[in-house]
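# Report on the structure
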Amino acid sequence: MHKEDKILLNYLMSAMMYMKPISGLEKIEGEEKPYIFQDECEWRYIPTEHFPNNLKLMLSENMATENARDYYSRVLQSHEETWIKFDWGDIRYIIVPDEIALKRIIDSIKKLPLEDAQKYFLISRIEVSMRFAEDLI
């Protein structure tokens, strides 16, 4: 393999770690329905300027997925420049697909180690996307 190919492969493998599929199947009320992840508005920031030099960007074939995830998590935890910092008040919307997900997210928010006022604030930000679709019909 040429040196340039290794550099490109290294970059490609690193970028793919942060990608997710464009579409897939989502289970709603026991039934699988198509879901377009591309419609989600989630942004991720990957710094290049201050990225640790000793971080192995290409995963070796014998490295298990769970081990790789743990390794990258430990590295990211120790480098604050890779963190997306926000305050709970910055959250404008929490969009869930249906009523089942609504109940799950409310239960999850209730378990967060936050003041009650913050929990109520987060719950007030929840929107159910199925309701949007019904309102548009």
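Here, the structure is the one placed above.
### Describing the side chain of aspartate 98
- Within the secondary structure layout, aspartate 98 lies in the loop between strand S3 (94-96) and helix H3 (99-111).
- A polar side-chain atom of aspartate 98 sits 3.2 Å from the main-chain amide nitrogen of isoleucine 100.
- Sequence-distant contacts of aspartate 98, that is, excluding residues within four places in its chain, are made with Ile28, Val128 and Met130.

### Quick look at the packing of aromatic side chains
- Summed over all chains, the structure comprises one aromatic pair.
- Measuring from centroid to centroid gives 5.9 Å for phenylalanine 86 and tryptophan 88, while their planes differ by 85°, and the two rings are edge-to-face.
- Assessed through its relative accessible area of 52%, phenylalanine 86 is described here as exposed.
- Using a relative accessible area of 29% as the deciding quantity, one classes tryptophan 88 as partly exposed.

### Quick notes on a nonpolar patch on the surface
- There is a patch of nonpolar side chains on the surface, built from Leu8, Tyr11, Leu12, Met13, Met16 and Met19 and spanning about 650 Å² of accessible area.
- You can see tyrosine 11 is positioned in helix H1 (residues 3-16).

### Quick word on the pattern of salt bridges
- Counted under the stated rule, the structure contains one salt bridge.
- The closest approach of N and O atoms between glutamate 80 and lysine 85, which form a salt bridge, is 3.1 Å.
- Looking at glutamate 80, the relative accessible area reads 45%, which means it is partly exposed.
- Its relative accessible area of 59% is what places lysine 85 among the exposed residues.

### Section: H3
- The terminal C-alpha atoms of H3 lie 19 Å apart, and with 13 residues this matches the ideal 18 Å at 1.5 Å per residue to within 8%.
- Taken together, the buried positions of H3 are occupied by Ala101, Leu102 and Ile109. Along the axis of H3, the buried residues cluster in a sector spanning 105°; they form a single face. Structural note: H3 exposes Lys103, Arg104, Lys110 and Lys111 on the side pointing more than 90 degrees away from its buried face.
- The N-terminus of H3 is capped by aspartate 98, whose side-chain oxygen sits 3.2 Å from the backbone nitrogen of isoleucine 100.

### Comments concerning the packing of H3 against helix H4 (residues 116-124)
- In the contact formed by H3 and H4, the axes pass within 9 Å of each other and the chain directions differ by 160°. Between H3 and H4, the interaxial angle falls into the category roughly antiparallel. Considering how the two elements wind past one another, H3 and H4 form a crossing that is right-handed. Across the interface between the two elements, Ile106, Ile109 and Lys110 of H3 pack against Lys119, Leu122 and Ile123 of H4.
- A per-class count over the contact of H3 with H4 returns four nonpolar, no polar and two charged.

What counts and what doesn't
- Residues numbered from 1 in each chain as written.
- Predicted model: local features only at pLDDT ≥ 70, side-chain atom pairs only at ≥ 80, totals over all residues.
- Heavy atoms only, no water.
- Helix = DSSP H or I, 4+ residues; strand = E, 2+ residues; numbered from the N terminus.
- Polar contact = N/O pair within 3.5 Å; in protein donor to acceptor, adjacent residues only side chain to side chain.
- Contact = heavy atoms within 4.5 Å.
- Phe/Tyr/Trp six-rings, centres within 6.5 Å; stacked < 30°, edge-to-face > 60°.
- Buried < 20%, exposed > 50% of the residue type's maximum accessible area, 1.4 Å probe, protein only.
- Patch = residues over 30% accessible without salt bridge, like charges linked within 9 Å, V, L, I, M, F, W, Y side chains within 5 Å.
- Areas by Shrake-Rupley, 256 points an atom, 1.4 Å probe, with all protein chains shown as cover.
- Salt bridge = Lys/Arg side-chain N within 4 Å of Asp/Glu carboxyl O.
- Expected span 1.5 Å × (residues − 1).
- Arc of directions from axis to C-beta.
- Axes fitted to C-alpha atoms, helices over the stretch in contact; angles between N-to-C directions.
- Parallel < 35°, antiparallel > 145°, perpendicular 65-115°, else oblique.
- Left-handed = near helix turned anticlockwise from the far one by under 90°.
- Nonpolar A, V, L, I, M, F, W, Y, C, P; charged D, E, K, R; others polar.

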